[in-house]
Amino acid sequence: MKAFFRNLKFKKPNRLQWLRKKGNIIICLEILTILILCITFLWNKKLDNQSIEVAVNPTTDKKYIKWVEFNATYDALDKAYHYDIDTHNKEVELHFVELLSYLGTKYGGDFKKYKAKDMDQLASKLLSGKETIESLTKDMKYYSYYYEAYDAVLGGLIGEYEIEVYDPSKQNNGTTSSKASVTGSPTSTPLSTLKSTPSGSPTSTPLSSPTSTPTDTPMETPSPTVAPTKVWEKRYGLKGFSPIAKNYYYYDYDDFGASRSYGYKRVHLGHDMMGQVGSPIIAVESGYIEALGWNQYGGWRIGIRSFDGKRYYYYAHMRKNFPYNKELKVGSIVSAGDVIGYLGRTGYSTTENTNNITTSHLHFGLQLIFDESQKEGNNEIWVDTYALTKFLYRNRSETYKDLETKEYHRIFSMKDPSVEQYKNTLNKHDLKESDPYENSEEKDMPKEKDIANDGVIKEYN
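Once a new chain begins, its residue numbering starts again from 1 and follows that chain's sequence as written. pLDDT decides what is reported in this predicted model: residues at 70 or higher carry local features, side-chain atom pairs at 80 or more are listed and counted, and totals for whole chains, interfaces and linings draw on all residues regardless. Excluding hydrogens and water, the side-chain figures rest on all heavy atoms present in the structure.

Visitor: Sorry, what's going on with the packing of helix H4 (residues 96-106) against helix H7 (residues 143-154) here?
Guide: Packing of H4 against H7 brings their axes to within 8 Å, and their N-to-C directions diverge by 130°. Between H4 and H7, the angle is such that the two are oblique. The crossing of H4 and H7 is right-handed. In contact with Phe96, Val97, Glu98, Leu100, Ser101, Tyr102, Gly104 and Thr105 of H4, H7 contributes Tyr143, Tyr146, Tyr147, Tyr150, Asp151 and Leu154. Polar here means any residue other than Ala, Val, Leu, Ile, Met, Phe, Trp, Tyr, Cys and Pro, which are nonpolar, and Asp, Glu, Lys and Arg, which are charged; Gly is therefore polar. By residue class, the composition of the contact of H4 with H7 is nine nonpolar, three polar and two charged. Orientation is described by axes fitted as lines to C-alpha atoms, over the contacting stretch for helices, and by angles from 0 to 180 degrees between their N-to-C directions. Helix and strand assignments come from DSSP, with helices taken as H or I runs of at least 4 residues and strands as E runs of at least 2, each series counted from the N terminus. Roughly parallel covers angles under 35 degrees, roughly antiparallel covers those over 145, roughly perpendicular covers 65 to 115, and oblique covers all other angles. Here is the rule for handedness: rotate from the far helix to the near one, and if that takes an anticlockwise turn smaller than a right angle the crossing is left-handed, while a clockwise turn gives right-handed. Residue contacts follow a heavy-atom distance rule, with two residues in contact if any of their heavy atoms lie within 4.5 Å.

Visitor: Could you clarify how one ought to interpret the packing of H4 against helix H5 (residues 116-127) in this entry?
Guide: Any two packed helices are characterised by how steeply their axes cross, that is the angle between the axes, and by the distance between the axes. Interhelical geometry of H4 versus H5 gives an angle of 125° and a closest axis separation of 11 Å. Considering their axes alone, H4 and H5 lie oblique with respect to each other. Here the hand of the crossing between H4 and H5 comes out right-handed. Packed against H4, whose contacting residues are Leu99, Leu100, Tyr102, Leu103 and Lys106, the element H5 presents Asp118, Met119, Leu122 and Leu126 at the interface. Class assignment of the residues belonging to the contact of H4 with H5 gives a composition of seven nonpolar, no polar and two charged.

Visitor: Can you help me understand the nonpolar core in this one?
Guide: Here is a general trend for soluble globular proteins: nonpolar side chains tend to be buried in one another's company. Residues grouped as a nonpolar core are buried Ala, Val, Leu, Ile, Met, Phe, Trp, Tyr and Cys residues, joined through side-chain atoms within 4.5 Å. Relative accessibility decides the category of a residue: with a 1.4 Å probe and only protein chains considered, values under 20% of the type maximum give buried, values over 50% give exposed, and everything between is partly exposed. Ranked by internal contacts, the top residues of the largest apolar core, which has 76 residues, are Phe96, Leu100, Leu154 and Tyr315. Beyond its immediate stretch of four places on either side in the chain, Phe96 contacts Leu77, Ala80, Tyr81, Asp84, Leu154, Ile158 and Phe391. The next biggest cluster of nonpolar side chains, apart from the first, holds 15 residues, and it includes Tyr161, Ile282, Tyr408 and Ile411.

Visitor: Where do I start with the packing of aromatic side chains in this structure?
Guide: What describes a pair of aromatic rings is the distance from one ring centre to the other and the angle between the planes of the rings. In this analysis, rings of Phe, Tyr and Trp, with Trp reduced to its six-membered ring, are considered paired at centre separations within 6.5 Å, and the interplanar angle assigns stacked below 30 degrees, edge-to-face beyond 60, and tilted for intermediate values. What the rule picks out here adds up to 23 aromatic pairs. Seen in terms of ring centroids, Tyr81 and Phe391 are 5.5 Å apart; in terms of plane orientation they differ by 85°. Their pairing is edge-to-face. Highlighted residues: Tyr81 in helix H3 (residues 74-87) and Phe391 in helix H9 (residues 386-392), separated in sequence by 310 residues. Since its relative accessible area comes to 0%, Tyr81 is described here as buried.

Visitor: Quick question: what am I supposed to make of unusual backbone geometry here?
Guide: When glycine is set aside, most residues are seen to have a negative phi, and most peptide bonds are trans. You will see that Asn89, though not glycine, has its phi angle at about 65°, which is positive. Relative to the helices and strands, Asn89 resides in the loop between H3 and H4. With a phi angle near 65°, Asn353 is a residue other than glycine that sits in the positive phi range. Tracing the backbone shows Asn353 in the loop between strand E14 (339-342) and strand E15 (361-368).

Okay, here's the thing in structure tokens:
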């Protein structure tokens, strides 16, 4: 047996023997190359995984945003807004849309990745003076597109304006002695008071005078004979309004993208705000009425185009018999905060003035337009406004009822510079009366003008 094992020889394995064959070496190199290409492709796909798509118009040969998903959270909107307000007219100004666009680009448009510290770090870099938004975004391939998209959504909501307030000199201890006093009215508030006042919660109300207490108690209708004296006050801040008037209860139903089956199978491209029939509906932004009348899906509805042409606000399912402010027609100019109609449940019928919606609510939609081909058809862009309506809740227009006409009107008028700019671009032909069931023609875009900053109050809403 020992002799057997002495004569038995084990061949030593040669690990390189297989690789010495030329064919096998080539196979290994090919596999390695494929792996490298796959890893590179997946990495580039990850970098280009953006919530935005750019196309080229074959007629004009110009690039435009074909699709974008706007999902900035309430917390991100609120924080960017306060940075904008805090730094207005300072040596270094931080801008609402720029902050959000930077983070949108960084996250690939996915604000589920949002962290407050990311915005704080961005703000710190900019406030240090060592960086500018241009230097920080010079290597960001998609920043310019995100900025264009986010500016299209938010560009008309923040700026300088004038608004009526009760004359402080005619008030006692911050409140009006008259029975017509309205709680929570937009009074002149020093910046120091604003900074120390908690704000930004989804349920906050517009700031009132320092000694008054905000409340959701329905206001008394001011009598013209005892109404307090009002004066104009310059402000900088949120000039967009919640779609439903102050003191009218509603709750949000977050169902953007949900399935709908009436007429044909489709997705829901709006945000539903459930409330009581007759609640005054408010213009979110200043603009002109482009559509007004019956639609079998939306019932009585109003469509308002922003003056820059980028936004189309859609308000649907308005009240039966008395859906709109009677003074409105296609082509009418409205200011942010104006009463435009009344909440209802019309729609889902080819017969006009029919209540076929089970629960009364306002369907609030926002369409973006970057190219003429996107106005109607398969290229339409509608964005989810759930977070936006929460953000706008802080600025709700107060209203009163005219007992003679049964119409509701805003209590505090506003002077929005964009309205005057737009009017200056129109001629008498453009201002002629229009058929309320036809779409108005697109108007020239207003030119930007410098607005004086003297005496402007920064407002946290």
